[in-house]
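Here's the letter readout for the chains.
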Amino acid sequence: MSVLQGLQDRAAARPAHIVLSEGHDPRVVAGAVSAVQAGIARITLVGTTDEVHRQLADTGASVGPMIAVEDPQTSSLTDEFAQTYFDLRKHKGVSEDIAAIQARDPLVFAAMMVRNGHADGTVGGAVATTSDTVRAALQIIGKAKDAPLVSSFFLMALPEGHPSGRSAMIFGDCGLVIDPNAEELAAIAVASAASCKQLLGDAPKVALLSFSTKGSARHPAVTKVSDAVEILQRDHPDLPADGELQFDAAFVPEVGASKAPGSTVAGHANVMIFPNLDAGNIGYKIAQRIGGADAIGPVLQGLSKPANDLSRGCTAQDVTNMIAVTTLQASS
Ligand SMILES: CC(C)(COP(=O)(O)OP(=O)(O)OC[C@H]1O[C@@H](n2cnc3c(N)ncnc32)[C@H](O)[C@@H]1OP(=O)(O)O)[C@@H](O)C(=O)NCCC(=O)NCCS
Ligand SMILES: CC(=O)OP(=O)(O)O
């Protein structure tokens, strides 16, 4: 069974209520219909009522009460959300009038549904940028108390029969933290390792990636990565993590053995931590578009409740997969 089918089957065992902020987008609506048909989730689509119903009719599917529609302009929840928004943001100078406008923004409305317990998780970003999608999650749902920061990862499902013999890996952070320092990089590694266990069920082996392997180059960018490895080894001695490693040394057993002899992670890593967002975002898109991997993300980690982003280049199948991931996060 494929990794993505496995995720969907696990999600279907404990379906959640997921709210999608872009109910006017045909890929989102088609992905929602597939998720309902697979028993993964009950869905609320946020958008203008007529437009969302038109998109639903275009799918030709009969999904009955498993898909609801909320229009922020007319919803009975909007006043409650305006009040919550005002309470949350008044210390930033937000007025009641601005809060009332913000509560009608579909991204804010969807995040509010999760914050206030009307849904278990939210997915957006098929149309909105990552900055806007993530900002709504940060401001309204907020960081979990025990998380040092919010970051993101992609679940990369390799094509079946990949010559490496691998089926799936975690790539972090390819979507959110632009230029993490060594402490932040270590925190992204710890969170991504936990996400690997949670979603793939695999024991994590974490590679902190660089253009250098074990001192082959000297530069402050390399020192940042090796400092992050020292922090991990000091604070999380039980987590198999190594670096700095080039991607080939992290992924290919023979190259790992030659460039980083003695490392138990080199050549066998399943959690790849990129040194910054340039490397991570470019790297995941190359693996997806040239390598043929399915890329599910950016999945957010470190929030107090599940909220996830998509790439604007996503397909309906990507939306269904992200609903499955969000359901699994909500039920853990
Ligand atoms: C996510 C992002 C928008 C946050 O930017 P920002 O300028 O800090 O945004 P805001 O100031 O509006 O942040 C909202 C709040 O979240 C907090 N915050 C920002 N980043 C955070 C993080 N990683 N973890 C926890 N909290 C964070 C801010 O401190 C702020 O708190 P406050 O409202 O109490 O002051 C920014 O990091 C970003 O644009 N990242 C890149 C996104 C992108 O384009 N990715 C490529 C495509 S996937
Ligand atoms: C994750 C990502 O790169 O998002 P987008 O393609 O929408 O910028």
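For the structure, see preceding data.
Now for a quick tour of the structure. Remember, predicted model here, so these are calculated numbers, not experimental data.

Here is what the cut-offs are and how they apply
- Each chain has its residues counted from 1, following the order in which its sequence is written.
- A letter from A marks each chain and a number from 1 marks each ligand, given out in the order of writing.
- Where totals are concerned, whole chains, interfaces and linings use all residues; where local detail is concerned, this predicted model gives features only for residues with pLDDT of at least 70, and gives and counts side-chain atom pairs only at 80 or more.
- Note that water and hydrogens are dropped before the side-chain values are worked out from all heavy atoms of the structure.
- Working definition: residue near molecule or strand if any one of its non-hydrogen atoms lies within 4 Å of it.
- Counting of polar contacts relies on pairs of N or O atoms within 3.5 Å, with two restrictions inside protein: one atom must be capable of donating a hydrogen and the other of accepting it, and residues adjacent in sequence are counted only when both atoms are side-chain atoms.
- For every accessible area listed, the method is Shrake-Rupley and the probe measures 1.4 Å; residues are considered covered only by the protein chains on display.
- Secondary structure follows DSSP: runs of H or I at least 4 residues long count as helices, runs of E at least 2 residues long count as strands, and numbering of each begins at the N terminus.
- Under the grouping applied here, Gly and all other residues not named as nonpolar or charged are polar, the nonpolar ones being Ala, Val, Leu, Ile, Met, Phe, Trp, Tyr, Cys and Pro and the charged ones Asp, Glu, Lys and Arg.
- Basic side-chain nitrogens of Lys or Arg form a salt bridge, by our definition, when they fall within 4 Å of a carboxyl oxygen of Asp or Glu.
- Here's how the labels work: a residue is buried when its accessible area is under 20% of the maximum for its type, exposed when over 50%, partly exposed in between, all with a 1.4 Å probe on protein chains only.

## Looking at the site of ligand 1
Part 1 of the reasoning: The environment of ligand 1 is made up of 16 residues, and the closest members are R89, K92, R135, V150 and G175.
Part 2 of the reasoning: Here R135 contributes a side-chain N or O atom positioned 2.9 Å from an oxygen atom of ligand 1.
Part 3 of the reasoning: With respect to ligand 1, the backbone of G175 contributes an N or O atom lying 2.9 Å from a nitrogen atom.
Part 4 of the reasoning: Look at ligand 1: alone it shows 940 Å² of surface, and the protein chains cover 62% of it.
Part 5 of the reasoning: Looking at the shell around ligand 1, the elements that each hand over two or more residues are α7 (130-141) and α12 (277-289).
Part 6 of the reasoning: Ranked by residues supplied to the shell around ligand 1, first place goes to α7 with 6 residues.
Part 7 of the reasoning: Across the shell around ligand 1, the residue classes break down as 8 nonpolar, 5 polar and 3 charged.

## Considering the pattern of salt bridges
Opposite charge on two side chains allows them to pair when their charged atoms are near.
Part 1 of the reasoning: Tallying each qualifying case throughout the model produces 8 salt bridges.
Part 2 of the reasoning: Measuring nitrogen to oxygen at the nearest pair gives 3.1 Å for the salt bridge that ties D25 to R27.
Part 3 of the reasoning: Judged by its relative accessible area of 9%, D25 is buried.
Part 4 of the reasoning: For R27, a relative accessible area of 22% corresponds to the partly exposed category.
Part 5 of the reasoning: The shortest N-O distance in the salt bridge between K90 and D87 comes to 3.8 Å.
Part 6 of the reasoning: D87 gets classed as partly exposed once you look at its relative accessible area, which sits at 41%.

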